[in-house]
Every structure is written in structure tokens, then in C-alpha cells.
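Here is how the chains run, residue by residue.
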Amino acid sequence: MENKLTENCILEQENNLYSAIKDSNITMLEKLLHDDLLFILPSGETIAKEKDNDTYRDGALKVDELLPEVEKLNIIDDASDHKFERKV
């Protein structure tokens, strides 16, 4: 059986990510985030996956509400490109 990338599959994983962020679920964040993640802070500083996860692990960041809105989702072969706005 072939695993086909679908919009529903992508959005389901996005929702899993939002839940992991809100719950500070490090185990799930480790699974969902790519090892080469680079995240740009509002200050312009770039941090890697481990440092991003440390903010949740240490309790330095607590997200009470996350209201994502997917603006555009493109599926090309077995990859996706999507643009979304995160209101934290």
C-alpha cells in the first residue's frame, strides 16, 4: 500500500504539531520537527531544534492559545509547501 501525501494528512500533522506546542509535549515535538529545523525569533535570532525544544522543556515558553490559519497548501509529488499565519 502506497503512502500518498494528501492535504488531509498534512493538516492532521499540523494539528498534531499545534497540540504538541500547546501541551509542551517534547516527545511529540521531537517526532514532528525536522532535525535541521531553524526557527527565527522576533528578535531576528536563529535557533535550532534543540534550543527551540528547550524553551518548552524549561517552561520558558507557554502557549495557551494557538490560532493557525493555513493560507495556501501546495502538494508537488511527495513534498508539500504551505504558507500559514500563526496567531499566538
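Just above, that's the structure.
Residues numbered from 1 in each chain as written. Predicted model: local features only at pLDDT ≥ 70, side-chain atom pairs only at ≥ 80, totals over all residues. Heavy atoms only, no water.

**Points about the environment of Q13**
Rule in force here: Numbering goes from the N terminus for both helices and strands, where a helix is a DSSP run of H or I of at least four residues and a strand is a run of E of at least two.
Position of Q13 relative to the elements: it lies in helix 1 (residues 7–23). A C-alpha to C-alpha distance of 7.8 Å links Q13 and L32, two positions 19 residues apart in sequence.

**A closer look at the pattern of salt bridges**
Keep this limit in mind: What counts as a salt bridge is simple: a side-chain nitrogen of Lys or Arg found within 4 Å of a carboxyl oxygen of Asp or Glu. The buried label goes to any residue with under 20% of its type's maximum accessible area, the exposed label to any with over 50%, and the partly exposed label to all in between, with areas taken from a 1.4 Å probe on protein chains only.
The final tally for this structure, using the stated rule, is five salt bridges. Between E30 and K49 there is a salt bridge, with its nearest N and O atoms 3.5 Å apart. In this pair, E30 sits in helix 2 (residues 26–32) while K49 sits in helix 3 (residues 49–57), placing the two residues 19 residues apart along the sequence. For K49, a relative accessible area of 6% puts it in the buried group. Through salt bridges with shared partners, one network takes in E30, D35, K49, E50, D54 and R57.

**Concerning the nonpolar core**
Soluble, globular proteins show a tendency: their nonpolar side chains are buried together. For clarity, the cut-off: Only buried residues count toward a nonpolar core. Its members are Ala, Val, Leu, Ile, Met, Phe, Trp, Tyr and Cys residues joined through side-chain atoms within 4.5 Å.
Formed by L17, Y18, A20, I21, I26, L29, L33, Y56, V63 and L66, the largest nonpolar core amounts to 10 residues. If you list the elements that add at least two residues to this core, you get helix 1 and helix 2. It is helix 1 that contributes the most residues to this core, four residues altogether.

**Notes on helix 3**
Every α-helical turn comprises 3.6 residues, leaving residues that sit three or four positions apart pointing alike. Put simply, the rule is: Each direction from the helix axis to a C-beta atom contributes to the arc, which is the arc of those directions. By the convention used here, residues are in contact when the closest approach between their heavy atoms is within 4.5 Å.
Along helix 3, the residues that are buried comprise K49, D52, N53 and Y56. Each buried residue of helix 3 lies within a common arc of 95° when the element is viewed along its axis, so the set occupies one face. For helix 3, the elements touching its buried residues are helix 1, helix 2, strand 1 (38–40) and strand 2 (46–48).

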